[in-house]
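# Summary of the model geometry
Okay, here's what each chain looks like letter by letter:
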Amino acid sequence: MRPDPVSVTEAATRLHREPHTIYSWATRYGVRRWGDRRATLYDFADLATIEACINKGIEVPTTPEARDALRASYASAACPA
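Computed from a predicted model, the values in this text were never measured in an experiment. (Residues numbered from 1 in each chain as written. Predicted model: local features only at pLDDT ≥ 70, side-chain atom pairs only at ≥ 80, totals over all residues. Heavy atoms only, no water.)

Looking only at helices and strands, the protein chain features four helices and three strands. At 13 Å, the protein chain has a C-alpha radius of gyration in line with the 12 Å of a compact globule built from 81 residues. Considering only C-alpha atoms, the protein chain reaches an extent of 45 × 25 × 20 Å along its principal axes. Among the 81 residues that make up the protein chain, the fraction classed as buried is 33%. In the protein chain, of all internal contacts separated by at least 6 residues, the share reaching a separation of at least 24 is 44%. (Helix = DSSP H or I, 4+ residues; strand = E, 2+ residues; numbered from the N terminus. Rg over C-alpha atoms; globule rule 2.2 N^0.38 Å. Buried < 20%, exposed > 50% of the residue type's maximum accessible area, 1.4 Å probe, protein only. Contact = heavy atoms within 4.5 Å.)

Next comes the structure, spelled out in structure tokens:
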């Protein structure tokens with residue numbers, strides 16, 4: 001899956017959350033980030049996975065790689081080869 005880097009504002013809008021929640025998740029769960037001195041961008045798929053885990057009441061995987069694997073498992077279950 002290609003990275004989908006988004007600003008905190010964009011992520012908050014897309015996930016219907018407050019920006020401070022996005023900052024909190026990014027810090028607590030070590031969300032992938034890109035940036036320079038002007039802006040920091042976050043991996044939207046990673047943030048969306050965190051949000052889905054929280055909404056489902058399941059434990060959020062502790063690393064971005066574990067969250068990638070979780071998303072991959074859902075995709076393979078939905079579209080068996």
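Next comes the rest of the description.
For the rest of this paragraph, the subject is the packing of aromatic side chains. Under the definition given, this model contains zero aromatic pairs. Positioned over the ring face of Phe44 is Arg14, at 3.9 Å from the centre of the ring. (Phe/Tyr/Trp six-rings, centres within 6.5 Å; stacked < 30°, edge-to-face > 60°. Lys NZ or Arg CZ within 6 Å of the ring centre and 35° of its normal.)

Counting residues in each nonpolar core, the largest one holds 17 residues, and the members touching the most others are Ile22, Trp25 and Leu47. Contributions of two or more residues to this core are made by α1 (8-15), α2 (19-29) and α3 (44-56). Discounting chain neighbours no more than four positions away, the residues touching Ile22 are Val8, Ala11, Ala12, Leu15, Arg17 and Leu47. (Core = buried A, V, L, I, M, F, W, Y, C linked by side-chain atoms within 4.5 Å.)

Attention now goes to the side chain of Glu51. On the secondary structure map, Glu51 appears in helix α3. Given the relative accessible area of 15%, Glu51 is considered buried. With near-sequence residues (within four places) excluded, Glu51 lies in contact with Leu15, Arg17 and Trp25.

Our next topic: the confidence of the model for the protein chain. With 91% of its residues at a pLDDT of 70 or more, the protein chain shows a mean pLDDT of 90. Considering each helix and strand of the protein chain separately, the mean pLDDT is smallest for helix α4 (residues 64-78), with a value of 84, and largest for α1, with 97. (pLDDT = per-residue confidence, 0-100.)

For α3, spanning 13 residues, the distance from its first C-alpha to its last is 18 Å, which sits close to the expected 18 Å at 1.5 Å a residue. All of the buried residues along α3 are Phe44, Ala45, Asp46, Leu47, Thr49, Ile50, Glu51 and Cys53. (Expected span 1.5 Å × (residues − 1).)

Turning next to unusual backbone geometry. Most peptide bonds are trans, and most residues other than glycine sit at a negative phi. At His16, a position not held by glycine, the phi torsion is positive, near 60 degrees. Mapped onto the secondary structure, His16 falls in the loop between α1 and α2.

One can describe the packing of α1 onto α3 by two numbers: an axis separation of 11 Å at closest approach and a directional angle of 40 degrees. The angle between α1 and α3 places the two elements in the oblique class. When the axes of α1 and α3 are compared, the crossing they make is right-handed. Contact residues: Ala11, Arg14 and Leu15 in α1; Phe44, Leu47, Ala48 and Glu51 in α3. Of the residues that constitute the contact of α1 with α3, the class distribution is five nonpolar, no polar and two charged. (Axes fitted to C-alpha atoms, helices over the stretch in contact; angles between N-to-C directions. Parallel < 35°, antiparallel > 145°, perpendicular 65-115°, else oblique. Left-handed = near helix turned anticlockwise from the far one by under 90°. Nonpolar A, V, L, I, M, F, W, Y, C, P; charged D, E, K, R; others polar.)

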